[in-house]
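Residue-level structure breakdown
This is what each chain is made of:
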Amino acid sequence: MYQPLNLTIGVTVFAVGKYTCFIRPFLESAEKFFMRGYQVHYYLFTHDPAAVPKVPLGPGRLLSIIPIQGHSQWEEISMRRMETISKLIAKRAHQEVDYLFCLDVDMVFRNPWGPETLGDLVAAIHPGYFAVSRQQFPYERRQVSAAFVAYNEGDFYYGGAVFGGRVARVYEFTRGCHTAILADKANGIMAAWQEESHLNRRFIWHKPSTVLSPEYLWDDRKPQPPSLKLIRFSTVDKDTSWLRS
Amino acid sequence: MEGMVYAQPKALTPSRKDVLVLTPWLAPIIWEGTFNIDILNEQFRLQNTTVGLTVFAIKKYVVFLKLFLETAEQHFMVGHKVIYYVFTDRPADVPQVPLGAGRKLVVLTVRNYTRWQDVSMHRMEMISRFSEQRFLHEVDYLVCADVDMKFSDHVGVEILSALFGTLHPGFYSSSREAFTYERRPKSQAYIPRDEGDFYYMGAFFGGSVVEVYRLTKACHQAMVEDKANGIEAVWHDESHLNKYLLYHKPTKVLSPEYMWDQQLLGWPSIMKKLRYVAVPKNHQAIRN
């Protein structure tokens, strides 16, 4: 029922520093599995446009390469994503796409990701915490932070690697997160899991309309439980310490 | 949601194991236990939601209004803004029922029809006309209900979405071949035996004003077409409603908790609450 609507789905992805090595597997697998039959617009943010490989795209699918500043600290790169996404939407994405997904680049699509994921505001359950009590969620627990969540609060622990929704909702969401990040910065504090902490705080107050199961955000280092019938989007095996150096 | 405390939802624990809580097109099916009303009330209050409830009390059916409205005051959208739209040919017979804060009643005088089938079917025309002219500016959501019923338990914002239908209590466990869809291809309401999701009841449907307008307009036009072709669908407006919801899938489906007849069907254990129930009536006497 979504196809007749002629929708365009946007995807933001950041590949800074050594993370450019993930672009090819991300895009190639997206071409195979992500929103087949729909118009798709990838917005690839990188400090090194020359490092972006030529990946053939299907009809109705576009890639925009947008240069951004690199940073020596990976946390800084991570935290600036919210601001960068909101600026992209304000500048152009609001006219170019109907829905927008914000995905991590160090991942691959392994099975279909389709219109079942479309919703006004979309979050994905973090694969490490779906079977765990809220007291054990790695929320930011310092009250001074704008991302603070008390022990008796929380629905699910959502992963920062996947979120999205209607472009206007994603704009409000990323702006809100960015404001909170700035508030923390002014107080000399960085939340426990960077923008994932702020994302989680915000999703308690502004509940997502659609929640994706861990099929849509999996960690291949974990054994696949029987409740998980299909893995659609998961981590690429990598040496984190090298990547972040 | 600031500071609201409630039990954690568990990703591996279904809220109900005995019933389907989600349609194949990912619309929630509303049963007791599937929702936290405090969270939902907060979400809808933040939007300052106003709900319109349309009800038709034509000829002798005015007698049902008092109980309908009194029980609605107790159970329907309590805490939210409500406008009752009472369509009647007998405005003087509309009872004075005391209403809570933020709730009002509007009487809309309309013509009657001789045949009860025509009274029933013309509701679609009247709702579509008033949706365009008036409801669009006054309410966010419309709920279209039969009057010969009463509210016996909570019916709240959990039902609200772009478009909702309600499972008919006589068919929720039937196979689609047994659904009493219109089966004659000549009718606009025709549905072949291998198609159909659910059998929805004509007595309780709704959604955003725009979606209810589209539904009622389409149903009315289909009925006009049928009349021109000399055919009347087997279950009148309900047949056309079912055709519409098959090809324009509802975004929420209400369980039979929201449409029950205790006299006919008792109180099976699968129904944790009976929210909107038939009032016993003498069909022959009332339809004359």
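None of the values given here were measured: they were computed from a predicted structure.

Reading the values: the criteria
Residues numbered from 1 in each chain as written. Chains lettered and ligands numbered in written order. Predicted model: local features only at pLDDT ≥ 70, side-chain atom pairs only at ≥ 80, totals over all residues. Heavy atoms only, no water. Helix = DSSP H or I, 4+ residues; strand = E, 2+ residues; numbered from the N terminus. Rg over C-alpha atoms; globule rule 2.2 N^0.38 Å. Contact = heavy atoms within 4.5 Å. Areas by Shrake-Rupley, 256 points an atom, 1.4 Å probe, with all protein chains shown as cover. Lys, Arg positive; Asp, Glu negative; His and termini not counted. Charge placed at Lys NZ, Arg CZ, Asp CG, Glu CD. Axes fitted to C-alpha atoms, helices over the stretch in contact; angles between N-to-C directions. Parallel < 35°, antiparallel > 145°, perpendicular 65-115°, else oblique. Left-handed = near helix turned anticlockwise from the far one by under 90°. Nonpolar A, V, L, I, M, F, W, Y, C, P; charged D, E, K, R; others polar. 1 Å grid on protein atoms, 1.4 Å probe; cavity = no way out; pocket = protein on both sides within 12 Å on 5 of 7 lines; lining within 4 Å. Points joined across faces, edges and corners; volume = space filled by probe spheres on them. Polar contact = N/O pair within 3.5 Å; in protein donor to acceptor, adjacent residues only side chain to side chain. Buried area = accessible area lost by both parts, 1.4 Å probe. Salt bridge = Lys/Arg side-chain N within 4 Å of Asp/Glu carboxyl O. Pairing = 2+ DSSP bridges. Core = buried A, V, L, I, M, F, W, Y, C linked by side-chain atoms within 4.5 Å. Buried < 20%, exposed > 50% of the residue type's maximum accessible area, 1.4 Å probe, protein only. Phe/Tyr/Trp six-rings, centres within 6.5 Å; stacked < 30°, edge-to-face > 60°. Lys NZ or Arg CZ within 6 Å of the ring centre and 35° of its normal. UniProt positions renumbered as here; feature names shortened; annotations may be inferred.

**Examining the overall build of chain B**
- Helix and strand content of chain B: seven helices and 10 strands.
- The C-alpha atoms of chain B give a radius of gyration of 19 Å, which matches the 19 Å a tight globule of 288 residues would have.
- Taking the principal axes of its C-alpha atoms as reference, chain B extends roughly 60 × 50 × 35 Å.
- Of the contacts formed within chain B by residues at least 6 apart in sequence, a portion of 75% connects residues at least 24 apart.
- Of the roughly 13100 Å² of accessible surface on chain B, 53% is carried by carbon and sulfur atoms.
- Counting 33 positive and 31 negative side-chain charges, chain B places the averaged centre of each group 2 Å from the other.

**Here we look at the packing of helix α3 (residues 167-186) of chain A against helix α4 (residues 195-205) of chain A**
Residues and elements named next belong to chain A.
- For the pair α3 and α4, the least separation of the axes is 9 Å and the interaxial angle reads 120 degrees. When the axes of α3 and α4 are compared, the pair comes out oblique. In the packing of α3 onto α4, the handedness of the crossing is right-handed. Facing α3, whose interface residues are E172, F173, G176, C177, A180, I181 and D184, α4 presents E195, H198, L199, R202 and F203.
- In terms of residue class, the contact of α3 with α4 is built from six nonpolar, two polar and four charged.

**Details of empty space enclosed by the protein**
- Counted according to the given criterion, the structure contains four cavities of 30 Å³ or more.
- Space inside the largest cavity adds up to approximately 70 Å³.
- What lines the largest cavity is simply B:T54, B:F56, B:R123, B:M124, B:I127, B:C144, B:A145, B:D146, B:G202, B:A203, B:F205 and B:D237.
- For the lining of the largest cavity, the elements supplying multiple residues, two or more each, are β2 (50-57), α3 (116-138) and β5 (141-145) of chain B.
- Of the residues forming the lining of the largest cavity, the biggest block, three residues, is contributed by α3(B).
- Among the residues forming the lining of the largest cavity, the class breakdown is seven nonpolar, two polar and three charged.
- Within this model, the second largest cavity holds a volume of roughly 60 Å³.
- Every residue along the wall of the second largest cavity is listed here: A:T12, A:F14, A:R81, A:M82, A:I85, A:C102, A:L103, A:D104, A:G160, A:A161, A:F163 and A:E195.
- Elements that contribute at least two residues to the lining of the second largest cavity include exactly β1 (8-15), α2 (74-96), β4 (99-103) and β7 (158-166) of chain A.

**Re the side chain of A:R141**
Residue and element names in this part refer to chain A.
- Here R141 shows up in the loop between β6 (121-125) and β7.
- Of note is the side chain of R141, whose polar atom sits 3.1 Å from the backbone oxygen of R134.
- Here Q135 takes part through its backbone oxygen, which lies 3.3 Å from a polar atom of the side chain of R141.

**Observations concerning the interface of chain B and chain A**
- At the interface, 16 residues of chain B touch 18 residues of chain A.
- Approximately 1400 Å² of surface area, both sides summed, lies buried where chain B meets chain A, with 60% of it carried by carbon and sulfur atoms.
- The interface formed by chain B and chain A includes zero salt bridges.
- Between the two partners, chain B and chain A, sit five residue pairs in polar contact (both at pLDDT 80 or more).
- For the side of chain B that touches chain A, the class distribution of residues is 10 nonpolar, three polar and three charged.

**Some remarks on the sheet that holds strand β8 (residues 204-208) of chain B**
All names here are of chain B.
- Within the open sheet, the eight strands sit side by side as β1-β9-β7-β8-β5-β2-β3-β4. Their pairing is mixed. Edge strands, defined here as strands with exactly one partner in the open sheet, are β1 (29-30) and β4 (103-109).
- In the sheet, strand β7 (residues 163-166) pairs with β8 via two bridges, with the strands oriented antiparallel. In the strand pairing of β8, L163 is matched with G207.

**Brief notes about the nonpolar core**
All names here are of chain B.
- Counting 42 residues, the largest nonpolar core has Y85, F87, F135, F205 and L215 as the members making the most contacts within it.
- Elements with a minimum of two residues in this core: β3 (81-88), β4, α3, β5, α4 (209-228) and α5 (237-247).
- Counting 41 residues, the second-largest nonpolar core is a separate cluster that includes L69, M77, F164 and M201.

**Remarks on the packing of aromatic side chains**
- Inspection of the entire model under this criterion finds 41 aromatic pairs over all chains.
- By way of ring pairs, the aromatic residues A:F26, A:F34, A:F101, A:F109, A:W113, A:Y216 and A:F233 are connected into one cluster.
- The lysine or arginine in question, A:R141, covers the ring of A:Y151, its NZ or CZ lying 4.0 Å from the ring centre.
- Against the face of B:Y113 rests B:R111, its NZ or CZ located 3.8 Å from the ring centre.

**Some thoughts on the UniProt feature "binding site: Mn(2+)" (unreviewed entry) in chain A**
Residue and element names in this part refer to chain A.
- The UniProt record marks D104 and D106 with the feature "binding site: Mn(2+)" (unreviewed entry), using the residue numbering of this structure. None of the other annotated residues line the second largest cavity; only D104 do.
- Within the secondary structure, D104 sits in the loop between β4 and β5 (107-109).
- Those residues in contact with D104 that lie beyond four places of it in its chain are V13, F26, R81, G160, A161 and F233.
- In this structure the side chain of D104 is engaged in a polar contact, spanning 2.7 Å, whose partner is the side chain of R81.
- Counting through the fold element by element, D106 comes out in the loop between β4 and β5.
- Once you skip the residues sitting within four places of it in the chain, D106 turns out to touch Y19, F22, T235, V236 and K238.

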